[in-house]
Amino acid sequence: MFKSLSSRIFVGLFAGLILGTLIQYGFGENSFANTTLVDIASGAGSMFVQLIMMLVVPLVFFSIVSGIIELKDLKSFSRLGSKTFGLYLVNTVIAIAAAIGLALVIAPGQGMQLTGEDGAALTSTSLPSFIDMIVNIIPSNPFQAFADGNMLQIIFMALLTGGIIKALGDDVKPIVTFFKYGNKVMLKAITVVMQVAPIGVFALMVKLGATFEPSAFVSVLSYMAVILSLLAVWALVVYPVVVGMTTNISAGEFRRKTREQFLFALSTASSNATIPVTMRTLTDKLGVKPSVAGFGVPMGATMNMSGVAIYITVAAFFVGNAFGYPITTEQIPALAFSVFLLSIGAGGVPGGGIVMIGVLIHQMGLPIEAIALVAALDRIIDMFCTSTNVVGDSAVVSIVNHSEKYDLSPESSLELNAQTRT
């Protein structure tokens, strides 16, 4: 009945959530189910996420290097990079504009008249420096960059390595072969690990269902509704329609083939952890050339944060309205620019959004006590933010791949056509 992996992940997600909820309300706080079973589920879920994360760094490095090697020439690399980077930026800007427009119309939090709560604190109170972000792309210690999983630095090293290998041409054929086979090994590893994804997702959802408090979002249901509705429209309507209009993939086909990716991101709440699944979705299901996917996916997991942009924009309006400090028209340009920088700097890890919301609240002069309220809902909203982010990665890379198909070498074009037929 559930032959496809996406169907099994779907079952695991909801079965785990239902079981976790039953444990929370059907057993005592100190019962075996509420302690030992939940701890086992938490440990199993963490092991699964770490298993996926183990593949991310080598996958990103091998996929980018092999992707550049397979390009027709270095001019193709420049063109590909410009289009991918530009589309990611445009996507984020449009998402921010849509979130601001919706928040102005609906005014989430208006009339709540909150006065603040205790226990709120910030670990950071400044916007990320754009100059520092650029400077820090170059690692002083490449081994440390790999050990820390610093995606921007790893991407830079992979781009540099791939470009040098491409420039050397036939003199380094053994190295070219090494990276091509290394990339094949990593893609095969993804396929193997994904076979246990339904179990890992099940464990993660048991933990969530057993520990989440529904009462936390009852009083702010309109705030959640605004964010989740816009995220759903962005992921399930806007991206599929745009892909349908700009490529040979229909909206329905795109929505269907990214379902596994959407559900996986929903359970892990991490764009970085979803990189292997995104790569698999693009190359195996959407017929995207590995060189295009290998270049675009890691970049998207780092800087294509439309979901986070929507989240922190609406959160800022909610806090301002709820605490009696509504954001004025004069503040909107500063808000939009701040959200743009913060969304790029959010990082593809769980909980990145709440840190950025705290920074934004401080920068806009809003009550810092609101962090406690926003944090109570973060886990649920963050799941949908991540799903929106990764579907956006697939949409942008699919569009870039379609635009590139007439500029590929004859060998690459044959490979692309074969993948598309598959």
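Values in this document were obtained by computation on a predicted structure and should not be read as measured data.

1. Quick notes on the overall build of the protein
Assigned secondary structure in the protein consists of 19 helices and zero strands. For the protein, buried positions account for 52% of its 422 residues. When contacts within the protein are restricted to residue pairs at least 6 apart in sequence, long-range pairs at least 24 apart make up 84% of them. Total accessible area on the protein is roughly 18,300 Å²; 66% of this is exposed by carbon and sulfur atoms.

2. Focus: the nonpolar core
Val-60, Met-194, Tyr-223, Phe-254, Ile-275, Tyr-311 and Ile-381 are the most contacted members of the largest nonpolar core, which has 111 residues in total. Residue contributions to this core peak at 13 residues, all from helix 2 (residues 32-70). By size, the runner-up hydrophobic cluster in this structure holds six residues, among which are Ala-33, Val-38, Ala-41 and Val-206.

3. A closer look at the packing of aromatic side chains
In this structure the tally under the stated criterion is six aromatic pairs. Ring geometry for Phe-48 against Phe-264: centres 5.7 Å apart, planes inclined by 70 degrees, an arrangement best described as edge-to-face. One end of the pair, Phe-48, is in helix 2; the other, Phe-264, is in helix 12 (residues 259-268), and 216 residues separate them in sequence. When its relative accessible area of 5% is taken as the criterion, Phe-48 is described as buried. The exposure class of Phe-264 is buried, given its relative accessible area of 0%. Between Phe-178 and Phe-179, the ring centres sit 5.2 Å apart and the planes meet at 75 degrees, which makes this aromatic pair edge-to-face. Phe-179 sits in the buried class, given a relative accessible area of 8%. Clustering of aromatic rings is evident, with ring pairs tying together Phe-61, Phe-62, Phe-146, Phe-178 and Phe-179.

4. Some remarks on helix 14 (residues 290-303)
Its 14 residues place the ends of helix 14 20 Å apart at the C-alpha level, agreeing with the 20 Å of an ideal helix rising 1.5 Å per residue. Summarising burial for helix 14: 14 of the 14 residues are buried, a large majority.

5. What about the side chain of Thr-313?
Following the sequence through the fold, Thr-313 ends up in helix 15 (residues 306-322). At 2.7 Å, the side chain of Thr-313 and the backbone oxygen of Ala-309 are in polar contact. Every residue in contact with Thr-313, bar those within four places of it in the chain, is listed here: Ile-96, Ala-99, Ile-100 and Val-339.

6. Side note on the UniProt feature "transmembrane region" (unreviewed entry) in the protein
Here the UniProt-annotated "transmembrane region" (unreviewed entry) positions come out as residues 9-27, 47-65, 85-107, 150-169, 189-208, 220-242, 308-328 and 334-361. Secondary structure across residues 189-208 comprises 85% helix and 0% strand; the distance between its end C-alpha atoms is 28 Å. End C-alpha to end C-alpha, residues 308-328 measures 22 Å, and it is 71% helix and 0% strand.

7. A look at the packing of helix 2 against helix 7 (residues 173-193)
The interhelical angle for the contact between helix 2 and helix 7, taken along N-to-C directions, is 150 degrees, at an axis separation of 8 Å. Of the two elements, helix 2 crosses helix 7, and the hand of that crossing is left-handed. When grouped by side-chain class, the residues that make up the contact of helix 2 with helix 7 number 18 nonpolar, four polar and two charged.

8. A few points about the pattern of salt bridges
Enumeration over the complete set of coordinates arrives at three salt bridges. Two residues, Glu-260 and Arg-280, come together in a salt bridge whose shortest N-O distance is 2.6 Å. Here the residue Glu-260 occupies a position in helix 12, and Arg-280 occupies one in helix 13 (residues 275-285), the gap between them amounting to 20 residues. Its relative accessible area of 1% is what places Glu-260 among the buried residues. Ionic pairing is found between Glu-260 and Lys-285, a salt bridge with its closest N-O pair at 3.0 Å. You can see Glu-260 sitting in helix 12 and its partner Lys-285 sitting in helix 13, a full 25 residues away along the chain.

9. Some thoughts on the environment of Val-233
Considering the arrangement of structural elements, one finds Val-233 in helix 10 (residues 221-246). For the pair Val-233 and Thr-388, spaced 155 residues apart in the sequence, the C-alpha separation amounts to 9.4 Å.

10. Observations concerning a nonpolar patch on the surface
A cluster of nonpolar residues, Phe-10, Val-11, Phe-14, Ile-18 and Leu-22, forms a patch on the protein surface that exposes about 470 Å² of accessible area. Its location among the elements puts Ile-18 in helix 1 (residues 5-26). Note on Ile-18: relative accessible area 52%, which makes it exposed.

11. A few points about unusual backbone geometry
Despite not being glycine, Ala-107 has its phi angle at roughly 55 degrees, a positive value. Within the secondary structure layout, Ala-107 lies in the loop between helix 3 (74-106) and helix 4 (130-135).

12. Quick word on the environment of Lys-188
With respect to the secondary-structure elements, Lys-188 resides in helix 7. Accessibility expressed as a relative area gives 54% for Lys-188, which makes it exposed. Between the alpha carbons of Lys-188 and Arg-280 there is a distance of 9.6 Å; along the sequence they are 92 residues apart.

The rules behind the values
- Going along each chain's sequence as written, the residues are numbered from 1 onward.
- With the structure being a predicted model, the display of local features is reserved for residues of pLDDT at least 70 and the display and counting of side-chain atom pairs for 80 or more, all residues being used for whole-chain, interface and lining totals.
- Remark: hydrogens and water are excluded; side-chain values derive from all non-hydrogen atoms of the structure.
- Helix and strand definitions follow DSSP, with helices as H or I runs of at least four residues and strands as E runs of at least two, each counted in order from the N terminus.
- Relative accessibility decides the category of a residue: with a 1.4 Å probe and only protein chains considered, values under 20% of the type maximum give buried, values over 50% give exposed, and everything between is partly exposed.
- What makes two residues a contact is simply this: any of their non-hydrogen atoms within 4.5 Å.
- Calculation of accessible area relied on Shrake-Rupley with a 1.4 Å probe; when residues are assessed, cover is drawn exclusively from the protein chains displayed.
- Residues enter a nonpolar core if they are buried and are Ala, Val, Leu, Ile, Met, Phe, Trp, Tyr or Cys, with the set joined through side-chain atoms within 4.5 Å.
- Each pair of aromatic rings taken from Phe, Tyr and Trp, with Trp reduced to its six-membered ring, is defined by centres within 6.5 Å and is described as stacked if the planes are under 30 degrees apart, edge-to-face if over 60, and tilted in the remaining cases.
- Here, expected helix span is obtained from the residue count minus one, scaled by 1.5 Å.
- Polar contacts here mean pairs of N or O atoms no more than 3.5 Å apart (in protein, one a potential hydrogen donor and the other a potential acceptor; neighbouring residues in sequence count only if both atoms are side-chain atoms).
- UniProt positions are given in the numbering used here, feature names are shortened, and annotations may be inferred rather than shown by experiment.
- Helix axes are fitted only over the stretch in contact, all axes being lines through C-alpha atoms; the angle between N-to-C directions runs from 0 to 180 degrees.
- Note: crossing handedness is left-handed where the near helix turns anticlockwise from the far helix by less than a right angle, and right-handed where it turns clockwise.
- Residue type decides the class: Asp, Glu, Lys and Arg count as charged, Ala, Val, Leu, Ile, Met, Phe, Trp, Tyr, Cys and Pro as nonpolar, and the leftover types, Gly among them, as polar.
- Salt bridges are defined by distance alone: a side-chain nitrogen of Lys or Arg within 4 Å of a carboxyl oxygen of Asp or Glu.
- Patches were defined on residues exceeding 30% relative accessible area and lacking a salt bridge, with like-charge contacts within 9 Å and nonpolar side-chain contacts (Val, Leu, Ile, Met, Phe, Trp, Tyr) within 5 Å.

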